[in-house]
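Next come the chains, spelled out residue by residue.
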Amino acid sequence: MASPSNMPEATYAALAEAMGRPAPFSVVTTDTLWTDEHISAQMLRYHLQPDDAAASRPGTFIERSLDWITERFRLAPGQRVVDFGCGPGLYTTGFARRGAAVTGIDFSLRSLDHARGSAAAAGLDIDYVHADYVGYRPRGTADLVTLIYCDLCPLPPDSRHRLLCTFRDLIADGGHLLLDVVSLVALASKEETILFDERLLDGFWAAGPYYGVMRSFRYDDERIGLDHYTIFEPERRWEIYNWLQYFSPESLQAEFAAAGLRIIETCANVCGDPYDANGEEFAVIAVAN
Ligand SMILES: C[S@@+](CC[C@H](N)C(=O)[O-])C[C@H]1O[C@@H](n2cnc3c(N)ncnc32)[C@H](O)[C@@H]1O
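Residues numbered from 1 in each chain as written. Predicted model: local features only at pLDDT ≥ 70, side-chain atom pairs only at ≥ 80, totals over all residues. Heavy atoms only, no water.

Once that is clear, we can look at the sheet that holds strand β6 (residues 194-198). Taken in spatial order, the 4 strands line up as β6-β7-β8-β9 in an open sheet, and their pairing is antiparallel. Of all the strands in the sheet, the pair left with one neighbour each is β6 and β9 (237-245). Adjacent strand axes in the sheet meet at a mean angle of 15° when their direction is disregarded. In this sheet, strand β8 (residues 224-232) lies alongside strand β7 (residues 211-219) in antiparallel orientation, the contact comprising 9 bridges. (Pairing = 2+ DSSP bridges. Helix = DSSP H or I, 4+ residues; strand = E, 2+ residues; numbered from the N terminus. Axes fitted to C-alpha atoms, helices over the stretch in contact; angles between N-to-C directions.)

Here the focus is the domain arrangement of the protein chain. Per the domain assignment, the segments making up the protein chain are domain 1 (4-27 + 186-244) and domain 2 (40-182 + 248-288). A separation of 29 Å is found between the C-alpha centroids of domain 1 and domain 2. Listed by partner, the interface residues are 8 residues for domain 1 and 13 residues for domain 2. When the two sides are added together, the surface that domain 1 and domain 2 hide from each other amounts to roughly 780 Å², 68% of it contributed by carbon and sulfur. Its largest share of buried area at the contact with domain 2, domain 1 owes to Phe25, Phe204 and Leu244, together 62% of the area lost on that side. For the interface between domain 1 and domain 2, the tally reads 0 salt bridges. Summed over the shared surface of domain 1 and domain 2, the number is 1 residue pair in polar contact (both at pLDDT 80 or more). Split by residue class, the side of domain 1 that touches domain 2 holds 5 nonpolar, 2 polar and 1 charged. (Domains from an automatic or database assignment. Contact = heavy atoms within 4.5 Å. Buried area = accessible area lost by both parts, 1.4 Å probe. Salt bridge = Lys/Arg side-chain N within 4 Å of Asp/Glu carboxyl O. Polar contact = N/O pair within 3.5 Å; in protein donor to acceptor, adjacent residues only side chain to side chain. Nonpolar A, V, L, I, M, F, W, Y, C, P; charged D, E, K, R; others polar.)

Here we come to the pairing of strand β11 (residues 281-288). Among the 8 residues that make up β11, 6 are buried, leaving the element largely enclosed by the rest of the structure. As paired elements, strand β5 (residues 171-182) and β11 share 6 bridges and run antiparallel to each other. Within β11, the residue paired with Asp180 across the bridge is Ala283. (Buried < 20%, exposed > 50% of the residue type's maximum accessible area, 1.4 Å probe, protein only.)

Time to look at the site of the ligand. What surrounds the ligand is a group of 16 residues, the closest being Ser56, Gly85, Asp106, Tyr133 and Ile148. The side chain of Ser56 places a nitrogen or oxygen atom 2.6 Å from an oxygen atom of the ligand. Between a nitrogen atom of the ligand and a main-chain N or O atom of Gly85, the distance comes to 2.8 Å. Relative to its unbound accessible area of 590 Å², the ligand is 96% covered by the protein chains. Looking at the shell around the ligand residue by residue, the class counts come to 8 nonpolar, 5 polar and 3 charged. (Near = heavy atom within 4 Å. Areas by Shrake-Rupley, 256 points an atom, 1.4 Å probe, with all protein chains shown as cover.)

Over its 14 residues, helix α7 (residues 157-170) extends 20 Å from the first C-alpha to the last, a length consistent with the 20 Å expected when each residue adds 1.5 Å. Along α7, the residues classified as buried are Ser159, Arg160, Leu163, Leu164, Cys165, Thr166, Phe167 and Leu170. If you follow the buried residues of α7, they end up packed against β1 (80-84), β4 (142-147), β5, β9, α9 (249-258) and β10 (261-267). (Expected span 1.5 Å × (residues − 1).)

To continue, consider the pairing of strand β2 (residues 101-106). A large share of β2 lies buried, amounting to 5 of its 6 residues. In the sheet, β1 pairs with β2 via 5 bridges, with the strands oriented parallel. Directly across from Phe84, in β2, lies its bridge partner Ile105. One crossover worth recording links β1 to the parallel β2 by way of helix α5 (residues 90-97), and it is right-handed. Note on the crossover from β2 through helix α6 (residues 109-122) to strand β3 (residues 127-130): the handedness is right-handed. (Right-handed = clockwise from strand over helix to strand, strands pointing away.)

And the structure:
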């Protein structure tokens, strides 16, 4: 522990680090964000608030999305859907209710426990897998592969490529991939800001006392955004790096092509609304080449 005489230097160094501009994707902390004991409980709470969009989209959107997906991909008994990043099962439950054979993959045990409980209560047989989906290769093939709520975007380029290759290999003949991403319109409106607060975000980051610093960065050339959090607890200091890669339909197509995927349709969202060039997100349907 630092002696009182060198505390000012240590404090200065910690602050300087909290204020620095990290190199794109130099540190990745997605797993902490979703699997930390305290944070995952906050996330689950957000997932399950039907009017909140922090972890899952609002319930009305998800219902509309499920209806569109069912119709667009003709979901029916006998078809297999694999949902990457299924969380507490808001989509997987809907797919299973519509008769599909469903696999949901997530690395949040807390969310999976909830999902398994919901499936059991509803008498639905859903295959839930606890895994980091970057590197996990589901067995067999799927008629529909989903990655919903812009979850390609927090991944660094090599992980995105790996995941897209997994999708390519998983898609059955005649099958599809559906995912959504954040757009360059959203990047343009991202502001570089700094926030400092006692118990930043009302206790979201830790159960006990803490101070939090959040710095938001925009990397225009790389089309990346970062919300960087430094959390100062009495006994430790730790950081979260929330990166987002923003896409144009063209830049997404280029990444898909490199992984052997081809975009066949671009929409405003996973409800199938018409593509809007001014939208902050867009969704794509792709097939394996
Ligand atoms: C933004 S939430 C979206 C959840 C769900 N798709 C929905 O729309 O309700 C992202 C989910 O992906 C999971 N996740 C993120 N990265 C993951 C990874 N590398 N491997 C497995 N799960 C991951 C998180 O635990 C979380 O449940």
